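Residue strings, one per chain:
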Amino acid sequence: MSESTVQFDRKILTATLSLLGLGLVMVASASVTIADSSTGQPLYFFIRQLVFAVIGIMAAWVVISTRLSVWQRMAPQLLMGGVFLLVLILIPGVGREVNGSARWLPLGPVNVQVAELIKLFAVLYIADYLQRHHGQLHNSFLKVMAPLMLLGVAALLLLMQPDMGSIVVIMATVLAMLFLGGARLDVFGALISVFAGLFALLVWIAPYRLQRLQSFMDPWADPFGSGFQLTQALIAFGRGDWFGVGLGSSMQKLFYLPEAHTDFLYSIVAEELGLLGASAVLILFCILIWRALAIGRAAELSGQIFGAQVAYGIGIWLGIQACVNIGVNMGALPTKGLTLPLMSYGGSSLVIACVAIALLLRVDMETRQPEKAAARVRR
């Protein structure tokens with residue numbers, strides 16, 4: 001690399017590429033049986049995931065080459081565009097429904113999960129809002145509530161899909177960003193109480209959500225019914241022991257554990273690679289989140305509020321989603337349809353995660369080398 005080439009954060013690159021590479025290997029291992037049974041091609045899901053990984057890396061390079069000011073300028077329009085796509089999904093004949101949930105927008109050979117776009121667009125929107133109202137949130141309750149209006153519309157549309165998991169991730173991320181942006185502790189606490197109350201109400205009025213909560217509390221009460229998926233995941237953890245049963249040797253992926261290559265990939269990691277492999281994944285995510293928050297702090301100290309909030313938001317978002325997915329796999333949280341970032345099978349999730357990491361690297365670059373903020377990255 002030449003001296004003029006930007007040097008990116010090696011810890012972020014190492015953690016990201018490690019998670020991405022391990023994810024590809026585990027998707028291949030976890031999906032080989034179901035792929036062979038449903039398509040006749042054992043590597044069907046792996047090949048698609050590999051293609052999405054390449055697309056994600058290409059998209060990441062475009063993002064790295066784009067100034068943060070461009071993203072800031074487009075932030076409100078991106079979120080409104082995302083809300084429009086959420087509306088399209090709910091139109092009969094337009095959105096694609098899978099397992100009773102209409103979350104996908106068919107675009108030729110691929111299906112876009114708009115909720116993944118909304119997560120990124122919400123971070124950009126709140127970061128732009130906090131930049132424009134820097135120092136004003138502490139003394140104004142309305143300033144804190146204003147950005148939640150449009151996000152409330154998005155949350156309502158997500159609820160109609162339904163997709164409670166994405167709502168929890170988005171709202172938790174936004175609240176944390178508002179707190180870091182200057183919202184008073186009492187206002188922050190009040191908002192948390194309100195959202196917690198709404199969440200409890202939504203669980204109470206929807207029988208299937210209440211059933212999930214009950215099965216999470218005691219999955220062994222109905223191990224072949226509502227608790228089946230969680231009990232099978234726990235069996236995978238138990239079989240993994242310290243060093244695992246060996247790569248490719250999982251028993252739970254043989255039609256015992258549903259969605260083994262998507263939402264419950266971490267259970268297969270624990271079974272095949274044991275506590276050692278499962279701990280390595282946790283450490284990699286900790287490194288990624290730590291560096292994201294450190295980059296955000298450095299940007300904030302240099303006066304780049306938008307970049308700082310983008311870094312904070314991405315770190316919090318990926319951290320919350322990883323914690324929820326891992327918690328669900330371990331039986332510590334109720335079952336939610338959330339992927340493990342950079343690892344679980346899913347094109348939309350993988351590409352958006354790559355874009356988010358690229359934004360982190362761009363924030364770091366513009367913080368450390370302000371003179372390059374107006375220039376495109378070149379080889």
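Every value quoted in this text rests on a predicted model; they were computed, and no experiment measured them.

A.B. asks: I keep staring at the pattern of salt bridges and nothing clicks. Help me out?
C.D. replies: Where charged atoms of side chains with opposite charge meet at close range, the side chains can pair. This structure, assessed with the given rule, holds eight salt bridges. Salt-bridge contacts for glutamate 116 lead to lysine 119; the nearest nitrogen and oxygen are separated by 3.1 Å. Pair noted here: glutamate 116 and lysine 119 are both in helix α4 (residues 114-132), with a separation of three residues, about one helical turn. For the pair formed by glutamate 116 and lysine 119, the shared burial category is buried. Of the charged contacts, one joins glutamate 272 and lysine 253 as a salt bridge, the two residues approaching to 3.4 Å between their closest N and O atoms. Within this pair, whereas glutamate 272 is found in helix α10 (residues 265-301), its partner lysine 253 is found in the loop between α9 (228-240) and α10, the two being separated by 19 residues in sequence. A relative accessible area of 1% means that glutamate 272 is categorised as buried.

A.B. asks: It is not clear to me how α10 should be interpreted in this structure. Could you clarify?
C.D. replies: Each full turn of the α-helix corresponds to 3.6 residues, which orients residues three or four apart in the same direction. With 37 residues, α10 should cover 54 Å at 1.5 Å per step; its first-to-last C-alpha distance of 38 Å lies more than 12% under that length. Along its length, α10 shows its largest kink, about 130 degrees, at glycine 274. One or two positions beyond α10, positive phi appears at glycine 303, with a value near 90 degrees.

A.B. asks: Would you take a moment to explain the packing of α9 against α10 for this structure?
C.D. replies: How two helices sit against one another is set out by the angle between their axes and by the gap between those axes. Contact pair α9 / α10: the axes reach a minimum separation of 7 Å and the direction vectors enclose 20 degrees. By the angle between their directions, the pair α9 and α10 is classed as roughly parallel. For α9 against α10, the interelement crossing comes out left-handed. Residues Ala233, Ala236, Phe237, Arg239 and Gly240 of α9 touch α10, and the partners they reach there are Tyr266, Ser267, Ala270, Glu271 and Gly274. Residue composition of the contact of α9 with α10, by class: five nonpolar, three polar and two charged.

A.B. asks: How do you make sense of helix α2 (residues 44-64) when you look at a structure like this?
C.D. replies: In a regular helix each residue adds 1.5 Å, so 21 residues correspond to 30 Å; α2 covers 30 Å between its end C-alpha atoms and thus fits that length. In this structure, the buried residues of α2 make contact with α1 (10-39), α3 (68-89), β3 (110-113) and α12 (347-368).

A.B. asks: So what exactly am I meant to see when it comes to the packing of aromatic side chains here?
C.D. replies: The description of an aromatic ring pair rests on the distance of the ring centres and on the angle between the ring planes. Taken as a whole, this structure holds three aromatic pairs when the rule is applied. Between tyrosine 44 and phenylalanine 45, the ring centres sit 5.2 Å apart and the planes meet at 80 degrees, which makes this aromatic pair edge-to-face. Note on phenylalanine 45 and tyrosine 345: the rings are 5.1 Å apart at their centroids and 80 degrees apart in plane angle, and the pair reads as edge-to-face. Here tyrosine 345 lies in the loop between α11 (305-329) and α12 and phenylalanine 45 lies in helix α2, a separation of 300 residues in the sequence. Owing to a relative accessible area of 14%, tyrosine 345 belongs among the buried residues under this scheme. Counting every residue linked through ring pairs, the aromatic cluster contains Tyr44, Phe45 and Tyr345. Taking the ring centre of tryptophan 290 as reference, the NZ or CZ of arginine 291 above it sits at 5.2 Å.

Conventions and cut-offs
- Residues numbered from 1 in each chain as written.
- Predicted model: local features only at pLDDT ≥ 70, side-chain atom pairs only at ≥ 80, totals over all residues.
- Heavy atoms only, no water.
- Salt bridge = Lys/Arg side-chain N within 4 Å of Asp/Glu carboxyl O.
- Helix = DSSP H or I, 4+ residues; strand = E, 2+ residues; numbered from the N terminus.
- Buried < 20%, exposed > 50% of the residue type's maximum accessible area, 1.4 Å probe, protein only.
- Expected span 1.5 Å × (residues − 1).
- Bend = angle between axes of the 7 residues up to and from the residue.
- Axes fitted to C-alpha atoms, helices over the stretch in contact; angles between N-to-C directions.
- Parallel < 35°, antiparallel > 145°, perpendicular 65-115°, else oblique.
- Left-handed = near helix turned anticlockwise from the far one by under 90°.
- Contact = heavy atoms within 4.5 Å.
- Nonpolar A, V, L, I, M, F, W, Y, C, P; charged D, E, K, R; others polar.
- Phe/Tyr/Trp six-rings, centres within 6.5 Å; stacked < 30°, edge-to-face > 60°.
- Lys NZ or Arg CZ within 6 Å of the ring centre and 35° of its normal.

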